[in-house]
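Chain and residue survey
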Amino acid sequence: MSAARGAVVGVIGAGAFGTALACALARAGCAVRLWGRDAAHMAELAQERRVPRLGGLILAETIRPTADLREAAAAEALVLAVPTQALRDVCLQLGGLAAPDMPLILAAKGIERRSGGFVSDIVRETLPSCVPAVLSGPGFAADIARGFPTALTLACADGALGAALARMIGSPAFRLYHTTDLRGVEIGGAAKNVLAIAAGVAAGRGFGESTVAALLARSFAELTRFGLAFGGRAETLAGLSGLGDLILTGTSSRSRNRRFGEELGRGAGVETAIAEVGLAEGVWTAPILARMAAEKGVDMPVAAAVADLVGEARVGIDAVIERLLARPPRAE
Ligand SMILES: NC(=O)C1=CN([C@@H]2O[C@H](COP(=O)(O)OP(=O)(O)OC[C@H]3O[C@@H](n4cnc5c(N)ncnc54)[C@H](OP(=O)(O)O)[C@@H]3O)[C@@H](O)[C@H]2O)C=CC1
Ligand SMILES: O=C(CO)COP(=O)(O)O
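Parameters at a glance
- Residues numbered from 1 in each chain as written.
- Chains lettered and ligands numbered in written order.
- Predicted model: local features only at pLDDT ≥ 70, side-chain atom pairs only at ≥ 80, totals over all residues.
- Heavy atoms only, no water.
- UniProt positions renumbered as here; feature names shortened; annotations may be inferred.
- Near = heavy atom within 4 Å.
- Polar contact = N/O pair within 3.5 Å; in protein donor to acceptor, adjacent residues only side chain to side chain.
- Areas by Shrake-Rupley, 256 points an atom, 1.4 Å probe, with all protein chains shown as cover.
- 1 Å grid on protein atoms, 1.4 Å probe; cavity = no way out; pocket = protein on both sides within 12 Å on 5 of 7 lines; lining within 4 Å.
- Sits in = over half its atoms within 2 Å of the grid points.
- Helix = DSSP H or I, 4+ residues; strand = E, 2+ residues; numbered from the N terminus.
- Expected span 1.5 Å × (residues − 1).
- Buried < 20%, exposed > 50% of the residue type's maximum accessible area, 1.4 Å probe, protein only.
- Contact = heavy atoms within 4.5 Å.
- Pairing = 2+ DSSP bridges.
- Axes fitted to C-alpha atoms, helices over the stretch in contact; angles between N-to-C directions.
- Right-handed = clockwise from strand over helix to strand, strands pointing away.
- Nonpolar A, V, L, I, M, F, W, Y, C, P; charged D, E, K, R; others polar.
- Domains from an automatic or database assignment.

As annotated in an unreviewed UniProt entry, the protein chain carries the name Glycerol-3-phosphate dehydrogenase [NAD(P)+] and comes from Labrys monachus. Listed in UniProt under the heading Sequence similarities (unreviewed entry), the comment for the protein chain reads: "Belongs to the NAD-dependent glycerol-3-phosphate dehydrogenase family." You can read under Pathway (unreviewed entry) in the UniProt record for the protein chain the words "Membrane lipid metabolism; glycerophospholipid metabolism."

Printed below as a string of structure tokens:
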């Protein structure tokens, strides 16, 4: 893999984030093959080149929409931007198409429900000859697509490769920091979604900003405890992917996870809120995150509260809030 500027990169997943990343990559000088599974939609996108879900943005000429996975996979690197719960299925489809040693840059933010696998684990299990990297941090698809200045972290166990990938797909306004702490970066992105739901519930319930700020500060404490327990580094968790993204999604109603929480806080049921908001990864990650924390003895009261709200138990909001407030205050 040359990881040179001007490289051919396949983006797998033509939803909001995949399309936004395709735009950022094109700005960085890459030739992009943007793959989506809906052939009719991809043909229309190739023809019209207009993306209504990103404010009517027009795709650069160097982005080629396709529904042919083989064509998209014939690249120097791939960016995988499908939901976490679909990642294993997509990786299996890439078997035999992705070249050995191909870097796979993972943009999904979550934990696989049925296995408790982090996103890089899914790649290691399904495409063992490929090299997982994780891209995460505060950045809404629409902001990245419009070229607003944003900063994310790209993690790869091979530090030199990670730095080369960051140079290859980054640009002055799409600032990519790099690290070898894959675990810390993928945990930050997965956990912040769950915790942003809690912030949304508090806001939707009508509590003020003081409540949300307290909740976010305690949320960051538990994200850090979980991250350290599962092998992440403190400086990563306090960086763009952990704290940075928790600030963005925990405070902005543009976040689907926060908005999902707001809907619950206003009294909507889980299914209604999902239908209203679309993909809120934290809904699927909360139960497994809380279970993994409990099994490892990591105290995560806020994540556990979200898991109780959205998981099988469907505990009511009042009971969950009462439980959180009944916790004895302790040393910070
Ligand atoms: N949107 C954002 O601002 C950001 C999103 N992310 C992360 O990116 C990931 C994707 O999110 P986003 O793009 O916003 O979500 P969207 O719902 O906009 O898009 C998801 C895309 O994945 C496709 N997809 C779903 N299941 C499969 C499958 N089994 N096989 C193939 N394709 C599939 C969907 O196809 P179809 O339309 O045919 O259903 C759709 O194009 C999430 O993990 C999210 O957390 C990260 C940072 C920012
Ligand atoms: O991860 C994101 C921005 O960094 C997007 O957040 P939502 O998925 O909550 O919209």
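Back to the text.
1. Focus on the site of ligand 1
Close to ligand 1 lie 22 residues, the nearest being F17, R37, A141, R256 and E281. Separating an oxygen atom of ligand 1 from a backbone N or O atom of G15 is a distance of 3.2 Å. At 2.9 Å, a backbone N or O of A16 approaches an oxygen atom of ligand 1. In isolation ligand 1 offers 900 Å² of accessible surface; the protein chains occlude 80% of this area. More than half of the atoms of ligand 1 fall within 2 Å of the grid points belonging to the largest pocket.

2. Observations concerning helix α9 (residues 209-229)
Between its first and last C-alpha, α9 extends 30 Å over 21 residues, near the 30 Å set by a 1.5 Å rise per residue. Considered for burial, the residues of α9 that qualify are V212, L215, L216, S219, E222, L223, T224, F226 and G227. Against the buried residues of α9 lie α8 (182-204), α10 (234-237), α11 (240-251), α12 (256-265), α14 (281-295) and α15 (301-310). Residue G231 follows α9 closely and has a positive phi angle near 100°.

3. Here's the deal with the sheet that holds strand β9 (residues 150-156)
Adjacent strands of a sheet pair through backbone hydrogen bonds, lying either parallel or antiparallel. Strands sit in the order β5-β2-β1-β6-β7-β8-β9-β10 across an open sheet of 8 strands; the sheet is mixed. Of all the strands in the sheet, the pair left with one neighbour each is β5 (63-66) and β10 (174-179). Geometrically, the sheet is characterised by an average inter-axis angle of 25° between neighbouring strands, direction not taken into account. The pairing of strand β2 (residues 31-35) with β5 spans 4 bridges and is parallel.

4. A few points about unusual backbone geometry
Positioned with a positive phi, D101 is a non-glycine residue whose angle comes to about 70°. The topology assignment puts D101 in the loop between α4 (84-94) and β7 (103-106). Backbone geometry at R314 places phi at a positive 45°, although glycine is not the residue there. Position of R314 among the secondary structure elements: in the loop between α15 and α16 (317-325).

5. Focus: the pairing of β7
A two-sided burial pattern is seen for β7, the buried positions comprising P103 and I105 on one face and L104 and L106 on the other. With 3 bridges joining them, strand β6 (residues 77-80) and β7 adopt parallel strand pairing. Within the sheet, the bridge partner assigned to L80 lies in β7 and is L106. Handedness of the crossover joining β6 and β7 through α4 is recorded here as right-handed.

6. Thoughts on the environment of L57
Residue placement: L57 occurs in strand β4 (residues 57-58). Judged by its relative accessible area of 16%, L57 falls in the buried class. Those residues in contact with L57, other than ones at most four positions away along the chain, are C23, R49, R50, V51, A145 and R146.

7. Description of the site of ligand 2
Around ligand 2 sit K109, G137, P138, G139, F140, K192, D245, L248, T249, S255, R256 and N257, and those are all the residues in its vicinity. Within the side chain of K109, an N or O atom sits 2.7 Å from an oxygen atom of ligand 2. Its free accessible area being 310 Å², ligand 2 has 92% of it covered by the protein chains. The cavity that encloses ligand 2 is the largest pocket. Mapped by element, the contributors of at least two residues to the shell around ligand 2 are α11 and α12. Looking at the shell around ligand 2 residue by residue, the class counts come to 3 nonpolar, 5 polar and 4 charged. Composition of the shell around ligand 2 by domain shows at least three residues from each of domain 1 (8-180) and domain 2 (190-325).

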